[in-house]
Each structure stands twice: as structure tokens, then as C-alpha cells.
Amino acid sequence: MKFFMKKNVLIIAFALILNACGAGKVLVSAENSPILTSIDLVNIVDDKVQVGINPGAFTTSTVIFRISKTVPGTYSSDNYGQYIDDFEALDYKGNLLNSKKLDDNTWSISGAAQLDKVQYWVNDTYDTENDVEDAVFSPAGTNIAEGSNFMLNLHGFVGYFDGFKEAPYTIQIKKPANLIATTTLAGGVGVKNDPLLDVFTAKRYLEVIDNPIMYAKPNTETFEINGITVTLSLYSPNDVYKASDLKERMVAMMGAQKKFLGDVDSTKEYNILLYMSDVNIPDAHGYGALEHHTSTVVVLPEAMDVGRLEQAMVDVVSHEFFHIVTPLSVHSKEIQYFDFNDPKMSEHLWMYEGTTEYFANLFQIQQGLISEEDFYERMLGKITNSKFYDDSMSFTIMSKNILEQPYEPNYANVYEKGALINMCLDIILREKSNGEKGMLWLMKELSKKYGTDIPFEDEALFSEIVSMTYPEVDVFFKEHVIGTTPIDYNTFFAKVGLATKDVEEPTGYFFDGQVPYMDVDVQNDSVVFIRENIELNSFFNDLELKGGDIFRTINEQEINLETLRPIIGESFGWTPETVVSMTVERDGEMVSVTGPVGQPVKKVKKIVALEGVAEETVTLRNAWLKN
Ligand SMILES: [Zn+2]
């Protein structure tokens, strides 16, 4: 999965603040008969959908029915069973059988030999995200919006009987006439001459949940990328966006990804299900995406402007698509035999998420979608962000225990330090192989050896990789991935003739781009204060203003959120000689300052190419970034 960059979410939040103010059953044994599932999207009651699950005949006296506690790719315990109401087990005559709820996700049914089917009502997650702690990450969540949208992440709707996860499923969906399904699940639309009944099939439970379905008004685009048929289906609640708005950028991006991957085996079909949420109502706000073998569910706010939406789609979808390599192809037994209710975690998140995220950046520079400077800025951003997490936590121990404290809050570091681990490994491999081999080569070799159906042993992967590569890789794993020593990135940058340096860059007086230097205290008369724990620009520094200072007057105008706005407007016309006077409240005292506003600059760290380095160093850098 991929969390959408928090920084951008913050920007959106700030922008909003500043602008807003059964009958006839044939008795087949449960092992080989398909589990017939029915989902009714027409008769919605209290924002809930009714689901029926009809297995073959059981021979045991009790049977356990489960809804997933967790699903692959989310690395969190979400207990989807908590969204299930009014669970009932019925016998062949339609009478209730005894059933007992064992925990959030588990029901025990007595008299199983008489069990015809179970049925229950399903609540959705999107409109309750605000009300619950640790809400389900939206791309793994569910939506029931009668007549307009259904996000069927099927693990939220369809359960399994213990011991029958390998049985095939047939899923019948009764659907409203105005909505169409987008999914990579096999099956068809409007079968049995009933245009309002879709019937899908899956070979086993894992396949059911690996293929989400989105029902929405038709808003799709389909295109070919070197033998892959890609469908983008988009739900935009206020009709702000059409799938065609994003098509061109997606075609270019996925074409570049395919070129980057070269001969890696991939799916013939790939669907992008994009749910755009409405920020003005209780709706999904876990922005990002979740990977599947042949599709991805993406959730982004409809309020984004088209430029930022396109870039977010490039970053998020490319990440999900690269999951085809890992963990969807290269993965351990923990993932191959995933236990939905008692999952065992693998120690290799550095690869599943780290390699994926690294490739999602590397392909953009290699295929010319971004400049070298952009790439360096992204890597530096990851270095900065990685310091917000525990930099001396073993990545393998964190990975293995990612559902537990204190590891769980460090999860998002897999996108930061996880990617950087791969950058360093990539540089080591290039250096040792005279520029010929890198992380992509390694992943291709691993996917030839393993692949979708052959998992590796979790504890054997490192020695396997070392035997394919160099002793320096072993040292790196032991010190920085298994071990707890923070990485000195400059050592690796030096190998390719790069270094991090402090430079000054122009910025605005009150805003750095779209990010304000101040914040609003809504609890306290909505006073506006200078943000703390950030690097201030020269404007604030030269006037000796500090983070936490509350604006009281500017040029004798009393300041609140309303009166500050026109001053921000005026500031765009200020020249360096313009004089400003301000009074701020600091620790209960009034402090007045006067002075020229100057030309605002900010200090930034940058990764820069060093002059005068050896030619082979430049060649190595080019092999890394342009090969
Ligand atoms: Zn991911």
C-alpha cells in the first residue's frame, strides 16, 4: 500500500482552513462446491447491505465462519467483522441455527450439517472514519452510498468458513440500473438475461479479496500499454473529474513503468479504481492506495487541483503497479499462506514496500519523467522524513512485529527509510558491478527464481541475496537493515559524486509555496501564530520573530484570521525596502518589532553534484540514474 504524502494532505488541510472559514439446494460436499455469495446493492436498509453466503454441505457438527481481521498489504489489524450486524445461520427449512459470536470477526455455528446459509448486514467504513480511532485505511475500506457508489473491498463483505478458504466462490450481485462494475474479478455483467444481476467467480477466497469491485456511474477510460489493458474507473461525487482528464498522464506514466521493468512478467489486465472523496461530508480521508495483483484502489480528495491530482496519481499508482514485482511476485511463505485472522508477518518490509517505493521514484528519473534535481529532492525529502521515526530500530524486527507496539507507529518509515535502504543497496550493486547491476537486476533475478506461486523462506532471503551479490551487501544488511546503526547517506552519495549542502532559496513572506509559516489556534479565539518546530524564512528571522509568537498587530492593524488575509495579499506587492511594524505576544508579553521586510529566503539542504570528481564516478552515477 501507499500512504499519500502527509505533507500534501497538510497543505490541503491548511488551504481549507484559510479559505473556509434458499430453496432447492443440491447437497454437494463443501470442499468442491462453490460458495454461493449474494450481495444486494438495491435494497439498502440503514446504510447497510445484506450478504448471504451459501456453502456446500458440511459433515461436521460445528463450523466456524470468519470475516478477515487483516488483509495482505495493509499491515494493520482492522477487524472487518466489527462492521457486521445481525448475523444469522439458517437451516434448509429456513429456521435459525444456534450461532455464537466468539470475537469481532468469528462466529461458531452449531448443527453445521443442517446449515443452508449464513446471512448478515454489512456497514461501510468511509462515512464512519471520523468517529472511530484507528479507522480502516480508506483504500482497504468499504463504501455504501445508495444509488451512487459502492466500494466493494470484498474482505469487508464476504467471509469464509474455517478449512474452506481454498473452495471456489460464485458471487451474485444485485445492482442498481445506473451503476456499472469495474473489477478484474472473472465474470460478467447482466447474466441470465437479467441486466441487474452481475455474477463473478473466484478460484479461492484469496482471489475474492484480491479483486475489489467498484460500482459507480460510467466514468472510465481503457487503454493499452505494451500488452496490458488498463482501465481507469473514477468516482467523482460532484462530477469534478472525468477519467479522460487523467488518461494522457496515466498512459505516459505506465508506458514508462513498463519500459523500466522490461521483460518482467506482468498481468494482461490492470484496473485502477479511483474513489474521490468529498471533504465537505463525512467521507474517506485515508488518502493513498492498496495493491492487488491486477488492480489497485486509490482514494484521493476531489478538492485537489488537476496538477496535484495528476502527480499524486503518478506517484501512488506507479507504486501500486510496481507491487507486481514484490510482494505480489517475490514474497515469503508468510504472504503466500496468508492467515486473515492470525497473520504472521514477514521481516522483509524493507523490500515489499521499500523496493517498491524506491522503484516508483527511480523509474521516473530513468525514463525522463523527472529531472535529476527532482530525484535528489525526493530522496532528501525521504531522509528528512525518516528522522521523524526511530532511526535506530531494526527494520527486520519492526517488520516482523509491525502490528505491535512500539513498531506499529513506525510503519510509514517503510516509504521513507525503506526506499533509502534500497537506494544505498542500488549504489553498492552498481559500484561493485562496474555499473552493470542494480536493484532492478536483483529483483528480476529473484522473480525468476521465485514468482507468484513459489514463496521464499523468510529467514533465508538475506543469505540468498548475498550469495547472488557481494560481501558489502551482507555488511549493509547486518548493520543497517537487521542491525540498528543509522545510515550515513553521505557515504553513499560520495560514491556517485554527490553531497548534501545548505543553500538559500527564495520563498514568500507568509507562505513557502502553498505551506503557510503560520497556523490558527481554533481553541483560543482563532488567533494566528507563527508555526513552531519549522525552519523560518529570513523575513521572520531578520525581524527576530520566533515560532509560537501570536500576531497581535501588523502596521497597527489588529490581527485575526480575517484581518491577516488582506495583509498576506498586500505582501505580494512588497519590495525588500518596505518597512513593516509588528507586535506579537510571546510567553504573555508583547514584543514590538520594526524593519524592512527584505527579500525572503529560506535555508534548504540540497543534494548537489560535486565538481571535479573522477570520470568513473560520473559514469557510475549515470549508470545508476540513467541505465
Ligand atoms: Zn505499497
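Note that residues are indexed from 1 along each chain, following the sequence as it is written. Only residues with pLDDT of at least 70 are given local features in this predicted model, and only at 80 or more are side-chain atom pairs given and counted; all residues enter the totals for whole chains, interfaces and linings. Side-chain metrics in this entry use all non-hydrogen atoms of the structure; hydrogen atoms and water are not considered.

J.: Just to check I follow, could you spell out the overall build of the chain for this structure?
T.: A tally of helices and strands in the chain yields 16 helices and 31 strands. For 627 residues, the compact-globule formula gives about 25 Å, and the C-alpha radius of gyration of the chain, at 27 Å, lands near that figure. With the C-alpha coordinates of the chain rotated into their principal frame, the extents come out at 90 × 60 × 45 Å. Accessible areas in this description were obtained via Shrake-Rupley with a 1.4 Å probe; residue shielding takes into account the shown protein chains only. In the structure as shown, the chain presents an accessible area of about 26600 Å², 49% of it carried by carbon and sulfur atoms. In summary, the charge assignment counts Lys and Arg as positive and Asp and Glu as negative, without counting His or the chain termini. For the purpose of locating charges, the reference atoms are NZ of Lys, CZ of Arg, CG of Asp and CD of Glu. Taking the 52 positively charged and 92 negatively charged side chains of the chain as two groups, their mean positions are separated by 6 Å. Runs of E in the DSSP output that reach at least two residues are strands. Runs of H or I that reach at least four are helices, and both are numbered from the N terminus. Computation of the radius of gyration draws on C-alpha atoms, with the globule rule given as 2.2 Å multiplied by the number of residues to the power 0.38.

J.: Would you mind going over the coordination of the zinc ion with me for this structure?
T.: Four donors placed tetrahedrally about a metal ideally form angles of 109.5 degrees, and six donors placed octahedrally ideally form angles of 90 or 180 degrees. Metal donors: N, O and S atoms at distances within 2.8 Å, or within 3.2 Å for Na, K and Ca, with water omitted from the atom set so that some sites may seem incomplete. Protein-derived coordination of the zinc ion comes from Met1 (N), Met1 (O), His319 (NE2), His323 (NE2), Glu353 (OE) and Glu353 (OE), at a distance range of 2.0 to 2.8 Å. Geometry at the zinc ion is irregular, judged from its six donor atoms and the angles of 52 to 164° they form at the metal. Each label reflects the angles at the metal, where four donors whose angles all fall between 85 and 135 degrees are tetrahedral, four or six donors whose opposite pairs open beyond 155 degrees and whose other angles stay between 65 and 115 are square planar or octahedral respectively, and the rest are irregular.

J.: Quick question: what am I supposed to make of the pattern of salt bridges here?
T.: Once their charged atoms are close, side chains differing in charge can pair, the charge on each being opposite to the other. Criterion for a salt bridge: a side-chain nitrogen of Lys or Arg within 4 Å of a carboxyl oxygen of Asp or Glu. Per the counting criterion, the structure on display carries 27 salt bridges. The closest approach of N and O atoms between Glu457 and Lys333, which form a salt bridge, is 2.5 Å. With Glu457 in the loop between α10 (439-449) and α11 (461-468) and Lys333 in helix α5 (residues 333-336), the pair connects residues that are 124 residues apart, well separated along the chain. Here the residues in one salt-bridge network are Lys2, Glu357 and Lys382, joined through shared partners.

J.: Hey, could you run me through the sheet that holds strand β4 (residues 62-66) in this one?
T.: Whether parallel or antiparallel, the strands of a sheet pair through hydrogen bonds between backbone atoms. Ordered in space as β6-β7-β4-β11, the four strands form an open sheet in which the pairing is antiparallel. Of all the strands in the sheet, just β6 (99-103) and β11 (160-161) have a single pairing partner and so form its edges. At least two bridges found by DSSP between two strands is the condition for calling them paired.

J.: It is not clear to me how the packing of aromatic side chains should be interpreted in this structure. Could you clarify?
T.: Aromatic ring pairs: the centre-centre distance and the angle between the two ring planes describe each pair. Working definition: rings of Phe, Tyr and Trp (its six-membered ring) pair if their centres are within 6.5 Å, and the pair is stacked with planes under 30 degrees apart, edge-to-face with planes over 60 apart, and tilted otherwise. All told, the structure shown has 40 aromatic pairs when counted by the stated rule. Centre to centre, the rings of Phe476 and Phe492 are 5.6 Å apart; their planes meet at 90°, and the pair counts as edge-to-face. Of this pair, Phe476 sits in helix α12 (residues 471-481) while Phe492 sits in helix α13 (residues 489-495), and the two are 16 residues apart along the sequence. Since its relative accessible area comes to 3%, Phe476 is described here as buried. Three labels apply to residues, based on accessible area from a 1.4 Å probe with only protein chains included: buried if under 20% of the type maximum, exposed if over 50%, partly exposed otherwise in between. Classification of Phe492 by relative accessible area gives buried; the value is 9%. Among the aromatic residues, those joined into a cluster by ring pairs are Phe58, Phe65, Phe87, Trp107, Tyr120, Phe161 and Phe164.

J.: Could you clarify how one ought to interpret the nonpolar core in this entry?
T.: For soluble globular proteins, the rule of thumb is that nonpolar side chains tend to be buried together. Each nonpolar core is a collection of buried residues, namely Ala, Val, Leu, Ile, Met, Phe, Trp, Tyr and Cys, held together in the definition by side-chain atoms within 4.5 Å. Ranked by internal contacts, the top residues of the largest apolar core, which has 164 residues, are Met313 and Trp350. Of all the elements, helix α6 (residues 349-366) adds the most residues to this core, at 10 residues. Trp350 has contacts with Thr355, Phe395, Gly418, Ile421, Asn422, Leu425, Met439, Leu461, Phe462, Ile465, Phe477 and Val481, leaving out every residue within four places of it along the chain. Within the second largest apolar cluster, 26 residues are counted, among which are Ile530, Phe540, Leu545 and Leu561. Throughout, a residue-residue contact means that at least one pair of heavy atoms, one from each residue, lies within 4.5 Å.

J.: Please explain unusual backbone geometry as it appears in this structure.
T.: Working note: non-glycine residues mostly have negative phi, and peptide bonds are mostly trans. The amide bond that connects Thr326 to the next residue, Pro327, takes the cis arrangement and shows omega of 5°. When you line up the elements, Pro327 lands in the loop between α4 (306-322) and α5. Of the consecutive residues Gln405 and Pro406, the connecting peptide bond is found in the cis state with omega at -5°. Tracing the backbone shows Pro406 in the loop between α8 (395-400) and α9 (417-432). Look at Asp587: it is not a glycine, yet its phi comes out positive at around 50°. As for its placement among the helices and strands, Asp587 is situated in the loop between β29 (579-586) and β30 (589-596). Judged by relative accessible area, which is 77%, Asp587 ranks as exposed.

J.: How should the packing of helix α3 (residues 243-261) against α4 be read in this particular structure?
T.: A pair of packed helices is captured by two measures, namely the crossing angle of their axes and the spacing between those axes. Their axes nearest at 10 Å, the elements α3 and α4 cross at an angle of 35°. As α3 runs across α4, the sense of the crossing is right-handed. In this structure, α3 uses Asp245, Leu246, Arg249, Met250, Met253, Met254, Gln257, Phe260 and Leu261 to contact α4, whose residues at the interface are Leu309, Glu310, Gln311, Met313, Val314, Val317, Ser318, Phe321 and Phe322. For this scheme, ten residues count as nonpolar: Ala, Val, Leu, Ile, Met, Phe, Trp, Tyr, Cys and Pro. Four count as charged, namely Asp, Glu, Lys and Arg, and the remainder, Gly too, count as polar. Class assignment of the residues belonging to the contact of α3 with α4 gives a composition of 12 nonpolar, three polar and three charged. Here an axis means a line fitted to C-alpha atoms, over the contact stretch when the element is a helix, while the angle between two N-to-C directions is reported on a 0 to 180 degree scale. Note on convention: the crossing is left-handed when the near helix lies turned anticlockwise from the far helix by less than a right angle, right-handed when the turn is clockwise.

J.: What is the right way to read the pairing of strand β10 (residues 149-152) from this model?
T.: Strand residues, when the strand is regular, have side chains that alternate between the two faces of the sheet. Side chains Asn149 and Met151 of β10 all project onto a buried face; the interleaved residues Phe150 and Leu152 project onto the opposite face, where all are buried too. Note that strand β9 (residues 143-145) and β10 share three bridges and pair antiparallel. Looking across to β10, one finds that Asn143 is bridged to Met151. Hairpin connection of β9 to β10: three residues between the antiparallel strands, including Gly147 at a positive phi of 75°.

J.: I tried to follow the sheet that holds strand β16 (residues 213-216) on my own but got confused; where do I start?
T.: The sheet built from four strands is open, its strands ordered β9-β10-β16-β13 with antiparallel pairing. Taken across any chain shown, the strands that pair with only one partner, and hence form the sheet edges, are β9 and β13 (180-182). Recorded for the sheet is a direction-independent mean angle of 15° between the axes of neighbouring strands. Direction of pairing for β10 relative to β16: antiparallel, over a ladder of four bridges. For Phe150, the partnering residue across the bridge sits in β16 and is Tyr215.

J.: How should I be thinking about the confidence of the model for the chain in this particular structure?
T.: Residue-level confidence of the predictor is summarised by pLDDT, bounded by 0 at the bottom and 100 at the top. Looking at the chain as a whole, the pLDDT averages 93, with 95% of positions reaching at least 70. This stretch, residues 15-27, has a pLDDT under 50; its non-local contacts, to residues over four places away or in other chains, come to 21 contacts.

J.: What is the right way to look at the packing of α10 against α11 in this model?
T.: Packing of α10 against α11 leaves a shortest axis separation of 11 Å and a crossing angle of 115°. Remark: the crossing between α10 and α11 carries right-handed chirality. Within the contact between the two elements, α10 uses Trp441, Leu442, Glu445, Leu446 and Lys449 and α11 uses Leu461, Glu464, Ile465 and Met468. Residues that form the contact of α10 with α11 fall into these classes: six nonpolar, no polar and three charged.

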